[in-house]
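So you can see what is in the structure, the chains are spelled out below.
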Amino acid sequence: LQGIFVLGLPYALLHSGYSGLLLIVLAAALCCYTGKILIACLYEENEAGQLIRVRDTYEDIANACCKKLSPNLGGIVVNVTQVVELIMTCILYLVVSGNLLSHSFPYAPVTEKTWSVIAFVTLLPCIFIRTLKIVSKLSQLCSLVHFVIILVVIIYCLTQMHLWSWAKFRLSIEFEDFLVSIGVIIFSYTSQIFLPTLEGNMKNPGEFRCMLNWTHFFACVLKTTFALTAFLTWGEKTKEVITDNLPSFLETLVNLCLLTKALLSYPLPFFAATEIVYSCVSKGNHSNYRSPLLALTVRGSFLLLTLLMAMFTPHFALLMGLSGSVTGAAMTFLLPSLFHLKLKWKKLSLLEKCSDIFVFILGFLCSLAGIVCSIRGLLEVFG
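Remember, predicted model here, so these are calculated numbers, not experimental data. (Residues numbered from 1 in each chain as written. Predicted model: local features only at pLDDT ≥ 70, side-chain atom pairs only at ≥ 80, totals over all residues. Heavy atoms only, no water.)

Enquirer: So what's going on with the overall build of the protein chain? Residues and values would help.
Expert: Looking only at helices and strands, one finds 15 helices and 2 strands in the protein chain. Each principal axis of the C-alpha atoms in the protein chain carries an extent, and together these give about 65 × 50 × 45 Å. Going through the 383 residues of the protein chain one by one, you find that 49% of them count as buried. For the protein chain, the accessible area works out to roughly 19,000 Å², and carbon and sulfur atoms hold 70% of it. Here the protein chain carries 26 positive and 21 negative side-chain charges, and the mean point of each set is 6 Å from the other. (Helix = DSSP H or I, 4+ residues; strand = E, 2+ residues; numbered from the N terminus. Buried < 20%, exposed > 50% of the residue type's maximum accessible area, 1.4 Å probe, protein only. Areas by Shrake-Rupley, 256 points an atom, 1.4 Å probe, with all protein chains shown as cover. Lys, Arg positive; Asp, Glu negative; His and termini not counted. Charge placed at Lys NZ, Arg CZ, Asp CG, Glu CD.)

If you want it as structure tokens, here you go:
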């Protein structure tokens, strides 16, 4: 999920200047923190003072927080939010795939939407994915391709080191452009939707916090290096997607790698979304497919829905920004901090309470700013 946003980090630096470098580090720390407190909400202490996992999903946490209002209210809100974000992400991968194929083969008499259909055909086997093991293997390949893309860009930038100049960094920034930069940087780290399932499937869940620390640390180092070298190379000419700045021979190669990454990225949000819906429909354990026909129907319907929306939704990028500002901020900042305060209030120190409140306020402001920018963009488009 992070790949699409990572390619926009150099452009974010163009509009945020030196503060963008600080934001990349701060966003890593905040997203790592909210990931930890979200997983903490899955556990409760028993009489012996040992931590026991009493909840399995984001939905369970939400239901525990809202049980006084309604037993299922929190779960419904979280499930709807998760499904919307995951489906929008799947659609984005189809749209991006069509765009990349169109740019990779510009002389082919095929429209961008037709390329999206061709990409969709390659994703049809997703209907038969039943376990997280298959998804994890595809995600490993996706990470490998992503690393190759980043490496190619960094190596090319290093060959242009003689053109670098720190004077390219802006000291003054425009507020609206700065808000866009915040959105790109923060959402390049988001992964909270998948964390409860990931932690639950680890061989040693006790190593989760350590894993989260190291992955966010290395992600921060890699993203800072990538964004900094790319921006120093192209400066004011930095484009929204940095691969558009590459020479034509490299751009085609990287675009094909991005296409591979987009197709390999699709199964994870698709699998997560269908699992949520299937568990709601079957009213049973979401990992137990007691009705294969129902499971195939749910997965097939979602696969077709993503294609139809990719084909016929106008100005999808702006709608993606609007929904992402609501669902992304909610799942990454608002809900983890709110749930942590609700479930652990009596056991939290003053510093922990202040930290959760700070994260909640920051998430609310980011969400509000993103909504305003997206609505303004939609209003301008529709005139």
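There is more to say, and it comes next.
Enquirer: For the pattern of salt bridges, give the residues involved together with the corresponding values.
Expert: Overall, the coordinates contain 5 salt bridges when judged by the stated rule. Notably, a salt bridge pairs Arg53 with Asp56, separated by 3.1 Å at the nearest N-O pair. The exposure class of Arg53 is partly exposed, given its relative accessible area of 25%. Take Asp56: its relative accessible area is 46%, and that puts it in the partly exposed class. Through salt bridges with shared partners, one network takes in Glu44, Arg55 and Lys344. (Salt bridge = Lys/Arg side-chain N within 4 Å of Asp/Glu carboxyl O.)

Enquirer: Which residues make up the packing of helix α4 (residues 58-65) against helix α5 (residues 73-104), and what are the values?
Expert: Axis separation between α4 and α5 bottoms out at 6 Å; the angle between their running directions is 145 degrees. With respect to the hand of their crossing, α4 and α5 are arranged in right-handed fashion. Contact with α4, carried on its side by Tyr58, Glu59, Ala62 and Asn63, involves Leu73, Gly74, Gly75, Val78, Asn79 and Gln82 of α5 and no other residues of that element. Here the contact of α4 with α5 is composed, by residue class, of 4 nonpolar, 5 polar and 1 charged. (Axes fitted to C-alpha atoms, helices over the stretch in contact; angles between N-to-C directions. Left-handed = near helix turned anticlockwise from the far one by under 90°. Contact = heavy atoms within 4.5 Å. Nonpolar A, V, L, I, M, F, W, Y, C, P; charged D, E, K, R; others polar.)

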